[in-house]
Amino acid sequence: MKLLYVANVSDLYGASRSLLRLTSRLAKDGHQVQVVLPADGPLRMRLEEAGVRTWIHEDLAILTRRTLRTPHGWLSLFRSFITSTLRLIAHIRAERPDLVHTNAAVVLSSCFAAKVCGTCHVWHMREFFADISRLWCVYQWLMYSFATVIVCNSRAVAQQFHRRIRQRKLMVIHNGIPRHEIDKASGEEVAAFKKAHSLAGQPLAGVVGRINLEQKGQDVFVKAAALLARKVPGARFVVVGAAYPGNEDHVGRLNRLVDELRLRDKIHFIGDVEDIGTLFSALDICVLPARKPEGLGNVLIEAMALGKPVVGTRLGGIPEIIEDGKNGFLVQPNDPEALAQALEPLLTDPELRRKMGEQGRQKFEEMFEFSSCYSKMLAVYQSVLKGQVARTNQKIDVAHARRHILAMRVDGTSYGDAAQRVLTWARTGESRYVCVATVNNVMEAYDSTEFREIMNAADLVTPDGMPLVWGLKLLGVRDATRVYGPDLTPLLLEAAEREGIRVGFYGATPRVLERLLAVVDRRYPDLGVAFAYAPPFRPLTPAEDDRVIREINASGARILFVGLSTPKQERWMAAHRSRIR
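To start, this report covers the structure provided alongside it. In this numbering scheme, every chain counts its residues from 1 along its sequence in written order. Since the coordinates come from a predicted model, pLDDT governs what is reported: local features require at least 70, and pairs of side-chain atoms require 80 or more to be given and counted, while whole-chain, interface and lining totals use all residues. As a rule here, side-chain values cover all heavy atoms of the structure and leave hydrogens and water aside.

## Focus: the nonpolar core
- Formed by 41 residues in total, the largest nonpolar core has its most connected members in Met 125, Tyr 139, Met 143, Ile 150, Cys 152 and Phe 161.
- Where this core is concerned, the elements lending two or more residues are β1 (2-6), α3 (71-95), α4 (109-117), β5 (120-125), α5 (133-146), β6 (149-152), α6 (155-158) and β7 (170-172).
- The element contributing the most residues to this core is α3, with five residues.
- Residue contacts are counted whenever heavy atoms from the two residues lie within 4.5 Å of one another. The residues contacting Cys 152, other than those within four sequence positions of it, are Met 125, Val 157, Ala 158, Phe 161, Leu 170, Met 171, Val 172 and Ile 173.
- Working definition of a nonpolar core: buried Ala, Val, Leu, Ile, Met, Phe, Trp, Tyr and Cys residues. They are joined through side-chain atoms within 4.5 Å. Exposure is judged per residue with a 1.4 Å probe applied to protein chains only, and the accessible area is read against the type maximum: over 50% gives exposed, under 20% gives buried, and values in between give partly exposed. Of all hydrophobic cores here, the second largest spans 36 residues; its members include Ile 301, Val 310, Ile 322 and Met 367. Every helix listed is a DSSP run of H or I at least four residues long, and every strand listed is a run of E at least two residues long, numbered separately from the N terminus.

Structure, rendered in structure tokens:
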């Protein structure tokens, strides 16, 4: 493939590192890759070292909050938009890429240029627009109109979009970190790093990222450190990163706060660090005290890769990384007391740090290792270039047919529609769950708020029983039809065999599962059954459950059929959705 990427920054922070990882791997695999950058910077050097061509385009039209505050800013944005769009059109026509990938939602020029040139356009959404909601009401539809597909780096980011956009053009692919990129440093390397940055003392908690008090909340971290200084006198705290251009005064404000709280011997500022492996090896705890929603939070994933516990705010995509009480703690934003309370047990209990760190490392392997992210992105590109996304989106539009029966959601779908949705998610590696609902589900949901929430959070709820079909018809879905589980399953197995999609089975008894596999093998001889497991009737222990999930993820199964009976199977799917790739 010949791919053209357009980036909004040239630094080496979150989105830029994700772009570097993706394009470097693509170039290594023999694809022709070029990246358009708004300025020279460390990203350009690293890209070219990896064999990725770059082009500096200083007039790129990029949305910033500062630009949108004044009429002069709007005028400047309009001028750069016209200039950069024309230059990009000429560049696309000269280079003739197969696909244009815009690396941030705030880049305007590339979407129009790709549209004019008739080139497929993947638009990557990593940002939150909550504080400019009026503009977002319009802007999300511009993205919908000018993107072949929109890729979001977390479910939280995806939830900003209108439901119709989410159903038609949106996919969620979490950022991935290559395991080899963050090698654990030796004891000598860690000691040398601490000595070079005067980081005497243990344990060491750190916040890593651009210094931006309104976004990242480094001042909240400093205030929490002040509350912990007497309780854990040996602890040290470190702020890693430099100010975002235009926010240089934030460093001064943070230093003044440190002096006011008399923490100069406890808190250290060490600027940007290139060797993140040594950095995270030196840290005992990684903290992300964001004041505003983060798209995901790469620094937390990087820390987890080295088995470090993490603490973050309950905002944006951070809860998709941190399981509260398991691999770290979640706290409310802008609350130094809550942050201090979360940090104290980790600072004082090495065994707790070890256990949470190990849980975090396992979650990294299951959800955030780069190979999974890379394969999903390749699948998106291949689908876009083959026109599969466009064709599928034309078939899938059941938003108008969604109804609630006794407060439980049921979708007015069909066999073809349901099968297409499942196959699309399987092709792109999305973690979803589908409930095949009967009256039993409705009554269980009526009696249990918890179960009702599980059913309503499902990505698709098909009407398995005729009473549900009749209910849909009474509620205005005149063409509602039954989607019976035992009939939907063969359709999916046949399609999976045809497309080479591997499947798995979880549930039943060992004898029933053995008989099922024999039937499947006889009817679908070319189907790849990658996983099969009949769990005991008792609940699995956490260790057993973790082992099973690792086996499922390692198997390569893209569709997992779960048969545990209602309501057990729905609860199992909801609980494991974020853990199964």
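## Topic: the sheet that holds β6
- In this description, strands pair whenever DSSP reports at least two bridges between them. Pairing in this open sheet of seven strands is parallel, and the strands run β3-β2-β1-β4-β5-β6-β7 from one edge to the other. Two strands lie at the open edges of the sheet, namely β3 (53-56) and β7, each paired on one side alone. This sheet shows a mean twist of 20 degrees between the axes of neighbouring strands, independent of strand direction.
- Sheet analysis places strand β2 (residues 32-37) next to β3, joined by four bridges and oriented parallel. The partner of Val 36 across the bridge, within β3, is Trp 55.
- Axis geometry follows a simple rule: fit a line to the C-alpha atoms, using only the stretch in contact for helices, then measure angles between N-to-C directions, giving values from 0 to 180 degrees. α3 contacts β1, β2, β3 and β4 (99-102) of the sheet and is inclined by roughly 155 degrees relative to β3.

## Observations concerning the sheet that holds strand β8 (residues 204-208)
- Sheet architecture is open: six strands sit in the order β10-β9-β8-β11-β12-β13, paired in parallel fashion. What marks the edges here is a single partner per strand, and that holds for β10 (267-271) and β13 (328-331). Neighbour-to-neighbour, the strand axes of the sheet open up by a mean angle of 20 degrees, direction not taken into account.
- In this sheet, β10 lies alongside strand β9 (residues 236-240) in parallel orientation, the contact comprising four bridges. Opposite Phe 237, over in β10, you have Ile 267 as the bridge partner.

## Some thoughts on the pattern of salt bridges
- Whenever Lys or Arg places a side-chain nitrogen within 4 Å of a carboxyl oxygen from Asp or Glu, that contact is recorded as a salt bridge. The full count for this structure, using the stated rule, is 30 salt bridges.
- Linking Asp 219 and Arg 291 is a salt bridge whose minimum nitrogen-to-oxygen distance equals 2.7 Å. Taken together, the residues Asp 219 in helix α9 (residues 218-228) and Arg 291 in the loop between β11 (285-288) and α12 (298-305) connect sequence positions 72 residues apart.
- Taking relative accessible area as the criterion, Asp 219 reaches 10% and is therefore assigned buried.
- Arg 291 sits in the partly exposed class, given a relative accessible area of 25%.
- Residue Arg 427 is joined to Glu 499 by a salt bridge in which the shortest nitrogen-to-oxygen separation is 2.9 Å.

## Topic: a nonpolar patch on the surface
- The patches reported here contain residues having more than 30% relative accessible area and no salt bridge. Joining distances are 9 Å for like charges and 5 Å for nonpolar side chains (Val, Leu, Ile, Met, Phe, Trp, Tyr). Only the protein chains shown count as cover for residues, and all accessible areas are computed by the Shrake-Rupley method using a 1.4 Å probe. A contiguous nonpolar surface patch, about 380 Å² in accessible area, is contributed by Leu 406, Val 439, Met 443 and Tyr 446.
- In this structure, Val 439 sits in helix α18 (residues 439-447).

## Digging into the environment of Ala 235
- Topologically, Ala 235 is positioned in the loop between α9 and β9.
- Classification of Ala 235 by relative accessible area gives buried; the value is 1%.
- Distance from Ala 235 to Ala 554, taken between C-alpha atoms, is 39 Å for residues 319 residues apart in sequence.
- Beyond its immediate chain neighbours, meaning those up to four positions away, Ala 235 contacts Gln 202, Pro 203, Lys 266 and Leu 347.

## Thoughts on the pairing of β6
- Burial along β6 is two-sided: Val 149 and Val 151 and Ile 150 and Cys 152, pointing in opposite directions, are all buried.
- Judged from the four bridges that link them, β5 and β6 form a sheet pairing that is parallel. By the bridge assignment for β6, Met 125 is matched with Cys 152.

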